[in-house]
Amino acid sequence: MRLDKFICKSTALTKTQAVELILEGRVKVNSDAVTLESTQVHENNYITLDGKELVTRPFRYLLMNKPADTICSNIDEVYPSLFNYINEGNNTELHIAGRLDADTTGLVLITDDGRWSYNIITPAKKCEKVYRVGLRKPIAEAAAEQFAIGLQLQGELQLTRPAKLEVITPQEVLLTITEGKFHQVKRMFSAIGNKVTSLHRERIGEIILDVEIGEWRYLTDAEVMSFNQ
């Protein structure tokens, strides 16, 4: 974690205030003054501000059912931020582990623990994400096999990782993927000549969406640990 972020997470100071204190030499790491705000520090470092030891607040882990026409951003843009639905405090410290498009609904995981979210978003961890997909046209009979082999997306050199396609009705399917390329689900169906009309994420790893649209809750300890295995 960057030193300036560590200070913000262990005090009520803003990033600007934290950087000023670091530049003034008032912050020490293991008894040595450090004046570079980007210095990487760890939990086992002894960090002080004006001689007082700093201890970070516990990490937070949230689950939310994202409404349509909201964005996975900390600030409002063309669409409002989903953080308008969260009254958790210090929302600027939080980030989303696997963003969804504005028109996509469903499960998002929110945290201030970067190492934890890395286990969710990096393809190497093969974390499954399950989407319920509505389609403009009936799904082709050969689609499941195509998804299992991998698809060539426009502008990509490599095939997508093997994905699982389960047909619910001719125009509704469940898709399980383990990566998160830009607009990946929509592009995968475009690659087989179909178009996504609705998209909803139901599951990430072992966590299943269980709150109503626009609602959120804290993850249980077991849910948090499921991504650290």
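Structural data are supplied above this passage.
A. Molecular detail of the sheet that holds strand E4 (residues 52-53). The sheet built from four strands is open, its strands ordered E2-E1-E3-E4 with antiparallel pairing. Unpaired on one side and paired on the other, strand E2 (32-33) and E4 mark the two borders of the sheet. In the sheet, strand E1 (residues 27-29) pairs with strand E3 (residues 47-49) via three bridges, with the strands oriented antiparallel. The residue bridging Lys-28 from the neighbouring strand is Thr-48, located in E3.

B. Highlighting the pattern of salt bridges. In this structure the tally under the stated criterion is 16 salt bridges. Here Arg-60 makes a salt bridge to Glu-93, at a shortest N to O gap of 3.6 Å. Linking Arg-60 in the loop between E4 and strand E5 (61-66) with Glu-93 in the loop between E5 and strand E6 (95-96), this pair joins segments that are 33 residues apart in sequence. When its relative accessible area of 19% is taken as the criterion, Glu-93 is described as buried. Overlapping salt bridges bring together Lys-9, Arg-57, Arg-60, Glu-93 and Asp-112 as one network.

C. Geometry of helix H3 (residues 114-121). For H3, the set of buried residues is Trp-116, Ser-117, Asn-119 and Ile-120. Viewed end-on, H3 has its buried residues packed into an arc of 150 degrees, placing them on one side of the element. Looking at the buried side of H3, the elements it contacts are E5, E6, strand E7 (105-111), strand E8 (129-135), strand E11 (196-204) and helix H6 (221-225). Measuring from the backbone nitrogen of Arg-115 back to the side-chain oxygen at the start of H3 gives 3.3 Å, which picks out Asp-113 as the cap.

Reading the values: rules and limits
- Throughout, a residue's number is its position along its own chain's written sequence, starting from 1.
- In keeping with the predicted nature of the model, local features appear solely for residues at pLDDT of at least 70, side-chain atom pairs appear and are counted solely at 80 or more, and the whole-chain, interface and lining totals rest on all residues.
- Processing note: side-chain calculations cover all non-hydrogen atoms of the structure and skip hydrogens and water entirely.
- Note on pairing: DSSP must find at least two bridges between two strands before they are called paired.
- Strands here mean DSSP runs of E at least two residues long; helices mean DSSP runs of H or I at least four residues long; both are numbered from the N terminus.
- The working definition used for a salt bridge is a side-chain nitrogen of Lys or Arg within 4 Å of a carboxyl oxygen of Asp or Glu.
- Residue exposure (1.4 Å probe, protein chains only): buried if accessible area is under 20% of the type maximum, exposed if over 50%, otherwise partly exposed.
- The arc in question is the one traced by the directions running from the helix axis out to the C-beta atoms.
- By definition in these notes, contact holds between two residues if any of their heavy atoms fall within 4.5 Å.
- Each polar contact in these results corresponds to two N or O atoms within 3.5 Å; when the atoms are within protein, one needs to be able to donate a hydrogen and the other to accept it, and residues that are neighboring in sequence are counted only if both atoms are side-chain atoms.

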